[in-house]
Amino acid sequence: MELLAGKIPGGAEAIKGISREEYEQMKVDGYNAQEGRPIRTVEGEITEWFSCYDCPVCKNKGAVAFLKDGWYAERECECGPIRKARIRAIHSGMECYLEKRLNNYEAREPWQKEARDLAKGFILDRGNSRRWIAMLGQSGAGKTHLCAAICNQFMAEGMEVAYFAWLTDGQRLMANRFDAGAYSAERERLRKAQVVYIDDLLKTRDGAQVTPTELKTARELFDLRAGKITLVSAEFLAEDLARIDESLAGRLLEHCGKYLYQIEKGAGRNYRLHMGRGQA
Ligand SMILES: [Zn+2]
């Protein structure tokens, strides 16, 4: 009681005049108004748990106070799963994408607005836990921004999102083919995650041709993710992929249905957007 006495008008004398429940409520309010202090590691660095998210609910304390049967009680804040998802994202190479949101995507042209609306529709289609979205075509057209924004929204809702960058994770997966333990661990990660974002599918270094092993790996990835929420971005268009591997292109279109977004750079440096026509 002494701790609180100094904080309220009238001090200890005023406290004597209030009911127990009012007093408990004051403790609750006092706790909830406090800002969390940075948690530091033994090296003195602020922990990822603290820095990865700024929680308006618990003010980064990780707990929220409330009245339980008239008594002060604390519960874990709902930012716990959000922080876990963000830490996983940071460790899987998605850190630079964490600030990408639909509301900071620049949508000046009509096709950009359509693309954003498609991404928004994909997020809101919550009853469909099998949905895929593919954003294909020109680099620099905001595909990665929109995919990252979808992932961030899912993470904010506490879903587990795995990030798979084709150029690095894909190469590692192919290199691990002959290391059964590492290979199956990575496959399990991709199979189990609620959401997987495959970034730059089949991208090659310096425009090299896609190899049969790469196509095989892409087919395996598609198998692992069939019927699970998946995002794919790639620089090719569906028709380019069909020329290399028609069945792979067919499966991509089938999985995505209406959530297909293809941008082609037309004459005059204008982008053209092709939307999917199928049923998701
Ligand atoms: Zn919180």
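In what follows, the structure referred to is the one given above.
Everything quoted here is computed from the prediction, not taken from an experiment.

1. Focus on the environment of Met135
Here Met135 is to be found in strand E3 (residues 132-137). Here the alpha-carbon distance between Met135 and Val232, two residues 97 residues apart in the chain, equals 6.3 Å. Non-local contacts of Met135, meaning those with residues more than four positions away in its chain, are made with Ala119, Lys143, Leu146, Cys147, Ile150, Val232, Ser233, Ala234 and Tyr261.

2. Let's talk about helix H9 (residues 180-192)
Compared with an ideal rise of 1.5 Å per residue, which puts 13 residues at 18 Å, H9 spans 18 Å between its outermost C-alpha atoms and is within 8% of the ideal. For H9, the full list of buried residues reads Tyr183, Glu186 and Leu190. All buried residues of H9 project into a common sector of 70° when viewed along the axis, lining one side. Across from the buried face of H9, at angles greater than 90 degrees, the exposed residues are Ala180 and Lys192. As for H9, its buried residues are in contact with strand E4 (161-165), helix H8 (166-175), strand E5 (195-199) and helix H10 (212-225).

3. Here we look at the side chain of Gln112
Tracing the sequence through the fold places Gln112 in helix H6 (residues 110-124). Within the local environment of Gln112, its side chain forms a polar contact with the backbone nitrogen of Arg108, the two atoms lying 2.9 Å apart.

4. Remarks on the pairing of E4
Most of E4 is tucked away, with five of its five residues classed as buried. Here E4 shows no split at all, with Val161, Tyr163 and Ala165 on one side and Ala162 and Phe164 on the other all buried. As judged from the five bridges shared by E4 and E5, these two strands associate in the parallel manner. Bridge pairing links Ala165 to Asp199 in E5.

5. So, the pairing of E5
Counting buried residues in E5 gives five out of five residues, a clear majority hidden from the surface. With burial as the criterion, each face of E5 is covered, one bearing Val195, Tyr197 and Asp199 and the other bearing Val196 and Ile198. In terms of strand pairing, E5 meets strand E6 (residues 229-234) through four bridges, oriented parallel. Pairing of Ile198 across the sheet is with Val232, part of E6. Note on the crossover from E5 through H10 to E6: the handedness is right-handed.

About the cut-offs
Residues numbered from 1 in each chain as written. Predicted model: local features only at pLDDT ≥ 70, side-chain atom pairs only at ≥ 80, totals over all residues. Heavy atoms only, no water. Helix = DSSP H or I, 4+ residues; strand = E, 2+ residues; numbered from the N terminus. Contact = heavy atoms within 4.5 Å. Expected span 1.5 Å × (residues − 1). Buried < 20%, exposed > 50% of the residue type's maximum accessible area, 1.4 Å probe, protein only. Arc of directions from axis to C-beta. Polar contact = N/O pair within 3.5 Å; in protein donor to acceptor, adjacent residues only side chain to side chain. Pairing = 2+ DSSP bridges. Right-handed = clockwise from strand over helix to strand, strands pointing away.

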